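Summary of structural features
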Amino acid sequence: LCIDSFAPHEPWEAPPMYHQLYADPSYDGPTILHVSYTTRQNEGIDDAATADIIAHYSGLVTLTDTWFGMLMHKLDRLGLTDNTLVVFTSDHGTNFGDNPFDIIGKPAHSLWPGVMHLPVLIHMPDGMAAGTVADQLIYNIDIQATICELAGIGPGQGLDGQSLLPLLGGDGQWQPRQYVTSRYGDAVCYIDDTHWIRADVNGTLGEAFDLRDDPACQHDIAAQLDASIFDRAWHRLLEDAGGEFPIYTIERRTDAIGQKPIVREGQRVKEGEVI
């Protein structure tokens with residue numbers, strides 16, 4: 001059974017009872033349900049308006065959490081909790097100016113923790129490994145591999161993911177990953193134990209962060225990054241991509257809720273431009 005919740009995606013409009021849990025009652029500014037993916041300054045969004053957006057987002061998270069709790073209670077009432085695997089996760093997050101570039105939303109180049117650091121909560125049958133936390137680099141495809149192994153099945157073409165069962169008290173040996181890679185639009189992301197690097201598909205370095213001193217990725221060190229570190233990251237990115245990155249163009253662009261993007265004065269958008 002797969003249950004999808006569109007919340008807390010845009011438009012960020014939490015029901016009043018959930019919004020009020022987090023909102024400043026003295027706020028009298030506009031209710032902003034959706035933003036262009038740019039800086040807060042370009043959008044004209046000040047700290048108070050940002051806080052209200054976050055209050056709506058937080059309310060939607062709590063709304064989702066509430067109904068997830070309803071599901072878990074239903075499993076309890078049906079007597080299914082002890083023989084059911086439950087996985088809670090997300091496809092991506094978003095930015096609320098909580099990055100060095102004051103970006104709000106999720107433009108393709110913003111592959112930083114706000115977008116990339118995702119929740120993964122797993123309830124195992126019989127409560128195995130309950131209360132444990134695993135500090136590992138994983139992909140969402142690992143969830144599929146885990147479900148298949150637990151069910152004793154698998155697709156004929158095999159799986160790219162790695163079962164998480166060894167991390168959850170099951171049999172087998174977990175093979176720790178040295179790094180993970182990802183692509184969004186024409187931006188690529190590389191993460192290992194020491195560095196978080198964002199580049200484009202042409203091999204141009206964007207930002208770099210030293211996770212040992214800056215786990216929240218707030219201080220861009222791209223200008224000081226040792227070339228060998230980026231060379232290793234780029235080599236691994238290419239290797240995961242099969243040797244090269246296909247180039248995609250977008251003939252018709254829309255924003256997160258299907259609207260044509262707003263072009264403000266001073267901005268130029270060309271047809272076919274990759275964003």
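Source: prediction; values computed, not measured. (Residues numbered from 1 in each chain as written. Predicted model: local features only at pLDDT ≥ 70, side-chain atom pairs only at ≥ 80, totals over all residues. Heavy atoms only, no water.)

**Structural notes on the pattern of salt bridges**
Worth spelling out the cut-off: We define a salt bridge as a contact between a side-chain nitrogen of Lys or Arg and a carboxyl oxygen of Asp or Glu at a distance within 4 Å. Working definition: helices are DSSP H or I runs of at least four residues, strands are E runs of at least two. Numbering for both runs from the N terminus. Burial classes: relative accessible area under 20% of the type maximum marks a residue as buried, over 50% as exposed, and values in between as partly exposed (1.4 Å probe, protein chains only).
On inspection of all chains with the given rule, the structure shows eight salt bridges. Ionic pairing is found between Asp102 and Arg40, a salt bridge with its closest N-O pair at 2.8 Å. Taken together, the residues span a long stretch of sequence, with Asp102 in the loop between strand E3 (95-96) and strand E4 (103-105) and Arg40 in helix H2 (residues 40-43) at a distance of 62 residues. The class for Asp102 is partly exposed, based on a relative accessible area of 23%.

**Let's talk about the packing of aromatic side chains**
Quick note on the threshold: Two rings belonging to Phe, Tyr or Trp (six-membered ring only in the last case) form a pair when the distance between their centres is within 6.5 Å. Interplanar angles under 30 degrees mark stacking, angles over 60 mark edge-to-face geometry, and anything in between is tilted.
Per the counting criterion, the structure on display carries eight aromatic pairs. Ring plane angle 70 degrees and centroid distance 5.0 Å describe the contact between Tyr57 and Phe96, whose orientation is recorded as edge-to-face. One end of the pair, Tyr57, is in helix H3 (residues 47-78); the other, Phe96, is in strand E3, and 39 residues separate them in sequence. Judged by its relative accessible area of 18%, Tyr57 falls in the buried class. We classify Phe96 as buried; its relative accessible area is 12%. Through successive ring pairs, a cluster of aromatic residues spans Trp12, Tyr57 and Phe96.

**Some words on the pairing of strand E7 (residues 187-192)**
Looking along a regular strand, one sees the side chains alternate between the two faces of the sheet. Formally: In short, DSSP must find at least two bridges between two strands for them to pair.
Of all six residues in E7, six are buried; the element is thus mostly enclosed. Here E7 shows two buried faces, one formed by Ala187, Cys189 and Ile191 and the other by Val188, Tyr190 and Asp192. As defined by bridge partners, strand E6 (residues 179-184) adjoins E7 across six bridges and the pair is classed as antiparallel. Residue pairing for E7: Arg183 is matched across the bridge by Val188. Taking the residues that link successive antiparallel strands as the turn, the E6-E7 hairpin has two residues, and the phi of Gly185 there is positive, at about 60 degrees. Examined bridge by bridge, E7 and strand E8 (residues 195-200) share five bridges and lie antiparallel to one another. Of the residues in E8, the one forming a bridge with Cys189 is Arg198. With antiparallel pairing between neighbouring strands as the criterion, E7 and E8 make up a hairpin whose turn holds two residues.

**Brief notes about the sheet that holds E3**
In spatial order, the strands read E1-E4-E3; together these three strands make up an open sheet with antiparallel pairing. In this open sheet, the two edge strands, each paired with only one partner strand, are strand E1 (38-39) and E3. Strand direction decides the pairing type here: E3 and E4, joined by two bridges, are antiparallel. Paired with Asn95 across the strands is Gly105, a residue of E4.

**Thoughts on the sheet that holds E8**
Rules: Between N-to-C directions, angles span 0 to 180 degrees; the directions come from axes that are lines fitted to C-alpha atoms, helices contributing only their stretch in contact. Two residues form a contact once any of their heavy atoms are found within 4.5 Å.
Within the open sheet, the four strands sit side by side as E6-E7-E8-E9. Their pairing is antiparallel. Because the sheet does not close on itself, it has two edges, and the strands there are E6 and strand E9 (205-210). Direction aside, neighbouring strands of the sheet carry axes that sit 10 degrees apart on average. Across the sheet, helix H6 (residues 227-240) lies against E6, E7, E8 and E9, angled at about 115 degrees from E7, the strand it touches most.

**Brief notes about H3**
Rules: To estimate the expected span of a helix, subtract one from its residue number and multiply by 1.5 Å. The term polar contact refers here to a pair of N or O atoms within 3.5 Å; inside protein, the definition further demands a hydrogen-donor-capable atom paired with an acceptor-capable atom, and it admits residues adjacent in sequence only when both atoms are side-chain atoms.
Relative to the 46 Å expected for 32 residues at 1.5 Å per residue, H3 spans 46 Å between its end C-alpha atoms, a close match to the ideal helical length. In this structure Asp46 caps H3, since a side-chain oxygen of it lies 3.3 Å from the backbone nitrogen of Ala48. Of the residues one or two after H3, Gly79 is the one with positive phi, at around 70 degrees.

**Some thoughts on the confidence of the model for the protein chain**
Just so we agree on the cut-off: pLDDT: the predictor's confidence for each residue, scored from 0 to 100.
Here the protein chain averages 91 in pLDDT, while 91% of its residues score no lower than 70. Long-range and interchain partners of residues 268-275, a stretch whose pLDDT sits below 50, account for 17 contacts in this model, where long-range means more than four residues apart.

**Details of the side chain of Thr62**
Mapping Thr62 onto the fold places it in helix H3. By relative accessible area, which is 16% here, Thr62 ends up buried. In this structure the side chain of Thr62 is engaged in a polar contact, spanning 2.4 Å, whose partner is the side chain of Tyr22.

**Considering the nonpolar core**
What counts here: Buried residues of nine kinds, namely Ala, Val, Leu, Ile, Met, Phe, Trp, Tyr and Cys, make up a nonpolar core once their side-chain atoms join them within 4.5 Å.
Formed by 15 residues in total, the largest nonpolar core has its most connected members in Val188 and Ile197. Only E7, E8 and H6 provide two or more residues apiece to this core. The biggest single contributor to this core is H6, with five residues. Here Val188 is in contact with Leu111, Ser182, Arg183, Ile197, Arg198, Ala199, Asp200, Val201, Trp234, Leu237 and Phe245, once residues within four sequence places are set aside. In terms of nonpolar packing, the next biggest core, distinct from the first, is built from 13 residues, Tyr18, Ile53, Leu60 and Ile104 among them.

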